[in-house]
Structure formats: structure tokens, C-alpha cells
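# Observations on chain architecture
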Amino acid sequence: MIKKLARYIKGYKKESILTPIFVMLEVIMEVLIPFLMADLIDKGIDGGNIPLIIKLGLALLIGAFISLFFGALAGKTAATASAGFAKNLRKGMFYNIQDFSFSNVDKFSNSSLITRLTTDVTNVQMSYQMIIRNAARSPLMLIFALTAAFGISSKLSLIFLTMIPVLGIGLYLIIKNAFPIFERVFKSYDNLNRIVQENLSGIRVVKSFIREEHEIDKFSKTSKEISKDFIKAEKLLAFNMPLMQFSVYSCMLLLSWFGARAVVASGNNPALGLSTGQLMSLITYTMQILMSLMMLSMVLVMITISKASAR
């Protein structure tokens, strides 16, 4: 299936390759910024060194703008690659349908083919955009931020490692239960399209035999089924945010508790333990690490939704 879909990236390979490169450069700059912040607090503010504060402040501004620049480029190339991929895929499917035999047309039905060319292609397009951008960003951010955090304090960084499995298991259970519902929803879309198509093509017959109420009931029943399934799936996916917040704030509380004790014990001397700036950097890395996991979970959710469409 992946090999079949990959053929339609033709013409947009350059953008597909450039996107992860731009994302990597954006991530590197984001990981370097907390290091500059630590120096700004420890050497500049605590030391009362105004020239150093100005110098590091300008470095932070430049780093933020560089990160923004590469992020914007990644967004542009990702959008171009995914839109081009969807265009090629839709074109290929349309030409393929022209070669269908009558038995194939009867097998798939018009409503099913319409869903394939519209909703399903859009889902695959969104999934592809998230794969080349967010799925590339999340592991890179996780690796770089973890490495930087361990460079500051290996003991305190163990807090991240204890929280990652909790978040990972929770996300796995959410996705596992949500996927069958999305598969069922896309089958219901076919049925909904069929009902609408039958109504449009046979509108005169419906009006002649006064069957409006029957047709409205039939449409409403299918629409309610889709709504019910979507609500059920969204309720499961809604657990994503509380799980993420629990992980983030647990890490921040533990870091604040143990980190503050380390700062006090070392007399705020980086050579002996942990400095105030380093503690702030660790808290920033907490957000980066866990947000990267959250983003990865969103990518997995989108892949879960689009998997049925891709099939």
C-alpha cells in the first residue's frame, strides 16, 4: 500500500526531502535557546553584567528569528509537497476509474468512488503533511532536548525517562480503541453519499410519490450514526490533553522540588551543583520533550484516521 501511494509523490520529492531538513534546523535552534537563557540568567543577570545581558539578549532574538525562518520554510514546503501529492493521487485515481469495467463500477458504486476521491484523499494528504513535518520534528526534538537535559543534570533528567512510558502507554491505549471507530465512520460516509446521490438523481420520483419524509428519515438515521461514532472517537482522543498535562505538570513539580534543593545545596554555584539558569533550562526542556511526544501522538492519531482512507 505504501509503495503504491509513494509513486504519487513524483514531482514533489524535493519539497518532501527539504521539509525534514528545515525542521531539523528549526529544532536545533529551539534547543540552543534555553542554553543561552541559562547563561543570560547565571552570568548576566546574577552577575550584573549589562554588556553580556545585551549580547546574549541579541543572540536570543537572532536565534528565535532563525528558528521562525526555518519553521516557516518547513511549513511552506510541507504544504506544497502534501498538496502536490494529493493532486497526483486524485488524478491517478480519476484516470484509473475511467478504465473500470462495468463489474468494477457496480462493485464500488458511485457514492464509494466519490468518497475515495474527496474525503479519503484529503485525509491521506493531511497525514502525509504531518508525517514529513511533525513526525520528523518530534523524534528530533525528543533526542536533542533529552541530550541537552542530560548534559545539564543526568540525575534530574531521569524524571523525563520515568514519565515517557506513562505517556506512551496511555497514547497507545487511546489510539488502539479509536482506530476501529474511524474505520466504521468511513464506511458510513459511503452510505451517506449513496443516499444523497439517490435523492438528487431521483428527486422527481420522490416528490411524485410524496416520499420526502421517508428520505429525510433515512438520511437523518445515517447522519446520526456518523455523529454518534465521531463523538465516541473524539471522547477517546480528548484524553490526550489531560494525559499530556498530567505528564508535563508532574515533571515540572518534580523538577522544581528536586531542582530547587540542588540549587540551594550548591549555593547557586554551577561548579558544585545546579544553577538557577540551568534549572530554568531544564523546565524549558520538559516542555519541549513532552510537547514533542504530544505532537507525535497527534501524528499517530492522524495516521490512525487516514489508515482506513489509505486502504
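Residues numbered from 1 in each chain as written. Predicted model: local features only at pLDDT ≥ 70, side-chain atom pairs only at ≥ 80, totals over all residues. Heavy atoms only, no water.

## What to know about the packing of aromatic side chains
Put simply, the rule reads: Aromatic contacts are taken between Phe, Tyr and Trp rings whose centres are within 6.5 Å, Trp giving its six-membered ring; a plane angle under 30 degrees counts as stacked, one over 60 as edge-to-face, and the others as tilted. Note on conventions: DSSP H or I runs of at least 4 residues are helices, E runs of at least 2 residues are strands, and numbering of each starts at the N terminus. Throughout, exposure labels follow a simple rule: accessible area from a 1.4 Å probe, protein chains only, divided by the maximum for the residue type, with under 20% read as buried, over 50% as exposed, and the rest as partly exposed.
The full count for this structure, using the stated rule, is five aromatic pairs. Geometrically, the ring pair formed by Phe22 and Phe70 is stacked, given 6.3 Å between the ring centres and 25° between the ring planes. Of the two residues, Phe22 sits in helix α2 (residues 13–45) while Phe70 sits in helix α3 (residues 50–98), which places them 48 residues apart along the sequence. One exposure class covers both Phe22 and Phe70, and it is buried.

## Re a nonpolar patch on the surface
Condition: Each patch is built from salt-bridge-free residues with over 30% relative accessible area, joining like charges within 9 Å and nonpolar side chains (Val, Leu, Ile, Met, Phe, Trp, Tyr) within 5 Å. All accessible-area figures derive from a Shrake-Rupley calculation using a 1.4 Å probe, and residue coverage is judged against the displayed protein chains alone. Throughout this description, the term salt bridge denotes a Lys or Arg side-chain nitrogen within 4 Å of a carboxyl oxygen of Asp or Glu.
On the surface, Ile50, Ile54, Leu58, Leu61, Ile62, Phe65, Ile66 and Leu68 cluster together into a nonpolar patch covering about 810 Å² of accessible area. In this fold, Phe65 is placed in helix α3. Overall, the relative accessible area of 56% leaves Phe65 in the exposed class.

## Thoughts on the side chain of Gln288
What counts is decided by this rule: The contact definition used throughout considers only heavy atoms, calling two residues in contact when any of these lie within 4.5 Å.
Relative to the elements of secondary structure, Gln288 occurs in helix α11 (residues 276–310). Residues within four places of Gln288 in sequence aside, it is in contact with Glu30, Val31, Pro34, Met141 and Ala145.

## Observations concerning the pattern of salt bridges
When their charged atoms lie close together, side chains carrying opposite charge are able to pair. Evaluated as defined, the whole model comprises four salt bridges. Between Arg137 and Glu26 there is a salt bridge, and its shortest N-O distance comes to 3.3 Å. With a gap of 111 residues between them, Arg137 in helix α6 (residues 134–152) and Glu26 in helix α2 connect regions that are remote in the sequence. Taken as a pair, Arg137 and Glu26 share a single burial class, namely buried. Here Glu30 and Arg137 are joined by a salt bridge, their closest N and O atoms 2.9 Å apart. Of the two residues, Glu30 is situated in helix α2 and Arg137 in helix α6; the sequence distance between them amounts to 107 residues. Taking relative accessible area as the criterion, Glu30 reaches 19% and is therefore assigned buried. When its relative accessible area of 14% is taken as the criterion, Arg137 is described as buried.

## Concerning the environment of Ile97
Checked against the element boundaries, Ile97 lands in helix α3. With 16 residues separating them in the primary sequence, Ile97 and Leu113 have C-alpha atoms 8.4 Å apart. Filtering out sequence-adjacent residues up to four positions away, Ile97 remains in contact with Leu113 and Leu117.

## Things to note about the packing of α6 against α11
How two helices pack is summed up by the angle between their axes together with the distance between the axes. In plain terms, the rule: Lines fitted to the C-alpha atoms define the axes, with helices restricted to the stretch that makes contact. Angles between their N-to-C directions range from 0 to 180 degrees. Working definition: roughly parallel below 35 degrees, roughly antiparallel above 145 degrees, roughly perpendicular at 65 to 115 degrees, and oblique for all remaining angles. Crossings are assigned a handedness: left-handed for a near helix turned anticlockwise from the far helix by less than a right angle, right-handed for a clockwise turn. Only Asp, Glu, Lys and Arg are considered charged in this grouping, and only Ala, Val, Leu, Ile, Met, Phe, Trp, Tyr, Cys and Pro are considered nonpolar; every other residue, Gly among them, is considered polar.
Two elements in contact, α6 and α11, have axes whose closest approach is 8 Å; the angle formed by their N-to-C orientations is 155°. Between α6 and α11, the angle falls in the class roughly antiparallel. Between α6 and α11 lies a crossing whose hand is left-handed. Between α6, through Asn134, Ala135, Arg137, Ser138, Met141, Leu142, Ala145, Leu146, Ala148, Ala149 and Ile152, and α11, the contact on the second element is made entirely by Gln278, Ser281, Leu282, Tyr285, Gln288, Ile289, Ser292, Leu293, Met295, Leu296 and Val299. Split into classes, the residues belonging to the contact of α6 with α11 amount to 15 nonpolar, six polar and one charged.

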